[in-house]
Amino acid sequence: MKTVPVNLGTRSYTIHIGEGLLGKIGKLLQFSGYGKTVLLVSNFQVFQLYGDIVQSSLESCGFEVVPGIIETGEEHKNLATAEKLYDLAYTAELDRRCAILALGGGVVGDVAGFVAATYLRGVPFIQLPTTLLAQVDSSVGGKVAVNHPRGKNIIGAFYQPRLVLADTSVLQTLPPREIRSGMAEVIKYGLIRDLPFLEWLEQNLDNVLARRPDALVFAIARSCKNKAEVVSADEKEKGERALLNLGHTFGHAIEAGMGYGAWLHGEAVAAGTMMAAELSRRMGWLGEGDIERIEALFRRAGLPTVGPALEPAKYLDLMQHDKKVQNGKMNLVLLEQIGRAVSTNAALMSDVTNAIACRT
Ligand code: NAD
Ligand code: GLY
């Protein structure tokens, strides 16, 4: 097992990464001082696979588990789902000491975290991420949110979990498309700030995709270390944390433009990253060889390297509604070089349009 600290003063916590960890959750929480009732949020699919392990582990350590099962899919990451969970928590008489646990991917984690942040003005929150994307990204750093019909993650908070337990053995049941989607965020860390990790991925990608336990643990721990360092330095995204959004402004336009759920988050981020890389080339920062190198890695990971053929004007319209637009200027994360990202609003809109057109 590997552990990665997230250093945030009194709100610091540990990410545990390794095989077969879910069954240890009861023991880990036994002396936490949390209330005896816990709300275990999951979806049908994940609860059927892993609900028993978590529930028995908690029950054997004296907790009473209230399952909060939500519908599967991005289209259910909304206030209606949150409201059902508030009802469950209230009916089960959860008080402020009682924890909410998220067992699932990023959708479960984001909604459960949003409910934990707001129910009774905040109750302890535990992340048990079960997708690659959730283990390397969404469970770490405290961004919790639900979508508004007109925009992704519009309603949310920064609310740190008390503990993240990433059991890598659960990734064996994840559909291949979901593993590929998670790889987009793994590759992102290499591109924005960790060139040695990018080189490791170029050597070891096949082992990660084949879900070899040692390769998974290494890739997840290294991704979490990168994310933890960024979050510890800039929890509320005043500066450096924005770099984690490489490809995301373009990617969110793809997700919204195609209808949530049609493109997986990581797929949209991969195509969006290629648009950001193309724009970085037009800024004079990346060369043709760099573009080919990034594209080759995404292709090997089975990820799209062009976006859907929406009109560039449609992309721009959707991007302008993204929360990373400030004072009418488009803040974008671009690459000064492979392994070093920068947040800038210096790109000409004509170059942004051409970069999109070049990658659709
Ligand atoms: P997801 O939560 O929709 O899960 C993907 C699918 O995998 C679902 O059908 C789920 O039921 C299934 N699944 C989950 N674990 C499984 C397992 N172990 N075995 C078999 N099936 C399993 O998708 P995701 O990619 O995990 O998360 C995407 C969401 O995360 C998006 O809403 C995105 O906005 C959000 N996100 C949040 C952050 C953040 O910082 N909070 C960062 C990145 C992404
Ligand atoms: N996924 C981007 C962030 O957590 O800031």
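Refer to the structure above for everything that follows.
What you see is a predicted model; the values in this text were computed from it and never measured. (Residues numbered from 1 in each chain as written. Chains lettered and ligands numbered in written order. Predicted model: local features only at pLDDT ≥ 70, side-chain atom pairs only at ≥ 80, totals over all residues. Heavy atoms only, no water.)

Caption draft 1: A look at the site of ligand 1. In the neighbourhood of ligand 1, 27 residues make up the surrounding shell, with Gln45, Glu74, Thr131, Lys152 and Thr173 lying closest. Contact distances for ligand 1 include 2.5 Å between an oxygen atom and a side-chain N or O atom of Glu74. Relative to its unbound accessible surface of 870 Å², ligand 1 loses 91% to contact with the protein. Of all the elements in the fold, those that place two or more residues in the shell around ligand 1 are α2 (44-59), α4 (106-118), α5 (132-138) and β8 (151-158). Grouping the amino acids of the shell around ligand 1 by side-chain chemistry returns eight nonpolar, eleven polar and eight charged. (Near = heavy atom within 4 Å. Polar contact = N/O pair within 3.5 Å; in protein donor to acceptor, adjacent residues only side chain to side chain. Areas by Shrake-Rupley, 256 points an atom, 1.4 Å probe, with all protein chains shown as cover. Helix = DSSP H or I, 4+ residues; strand = E, 2+ residues; numbered from the N terminus. Nonpolar A, V, L, I, M, F, W, Y, C, P; charged D, E, K, R; others polar.)

Caption draft 2: Molecular detail of the environment of Tyr315. Along the chain, Tyr315 turns up in helix α12 (residues 312-320). Among the residues examined, Tyr315 registers a relative accessible area of 0% and is labelled buried. The residues touching Tyr315, leaving out its near neighbours within four places in the chain, are Phe250, Ala253, Ile254, Met275, Gly307, Pro308, Leu310, Ile356 and Thr360. Polar contacts involving the side chain of Tyr315 include one to the main-chain carbonyl oxygen of Pro308, which spans 2.8 Å. (Buried < 20%, exposed > 50% of the residue type's maximum accessible area, 1.4 Å probe, protein only. Contact = heavy atoms within 4.5 Å.)

Caption draft 3: Layout of the pairing of strand β2 (residues 13-18). The buried count for β2 comes to five of six residues, which makes it a mostly enclosed element. Connecting the antiparallel pair strand β1 (residues 2-6) and β2 is a turn made up of six residues, with Gly9 showing a positive phi of about 60°. The pairing of β2 with strand β9 (residues 163-167) spans five bridges and is parallel. Looking at the pairing, Ile17 lines up with Ala166 of β9. (Pairing = 2+ DSSP bridges.)

Caption draft 4: Here's a closer look at the site of ligand 2. In the region of ligand 2, the neighbouring residues are Asp137, Lys143, Lys227, Glu237, Arg241, Leu244 and Asn245. Contacts to ligand 2 include Asp137, whose side-chain N or O atom sits 3.1 Å from a nitrogen atom. Between Arg241 and ligand 2, the recorded distance is 2.7 Å, taken from a side-chain N or O atom to an oxygen atom. Compared with its free state, where it exposes 200 Å², ligand 2 has 90% of that area covered by protein. Taken together, the residues that form the shell around ligand 2 break down as one nonpolar, one polar and five charged.

Caption draft 5: Up close: unusual backbone geometry. We note that Glu93 has phi near 60°; this positive angle belongs to a residue other than glycine. The topology assignment puts Glu93 in the loop between α3 (79-91) and β5 (100-104). Overall, the relative accessible area of 66% leaves Glu93 in the exposed class. Not every positive phi belongs to a glycine, and Arg121 is a case in point at roughly 60°.

Caption draft 6: Examining the pattern of salt bridges more closely. Counted under the stated rule, the structure contains 25 salt bridges. Linking Glu235 and Arg11 is a salt bridge whose minimum nitrogen-to-oxygen distance equals 2.7 Å. With Glu235 in the loop between α8 (213-233) and α9 (248-258) and Arg11 in the loop between β1 and β2, this pair connects stretches of sequence that are 224 residues apart. Taking the relative accessible area as the measure of exposure, Arg11 reaches 42% and is therefore partly exposed. One salt-bridge network, held together by shared partners, links Glu74, Lys77, Asp110, Lys152 and Glu255. (Salt bridge = Lys/Arg side-chain N within 4 Å of Asp/Glu carboxyl O.)

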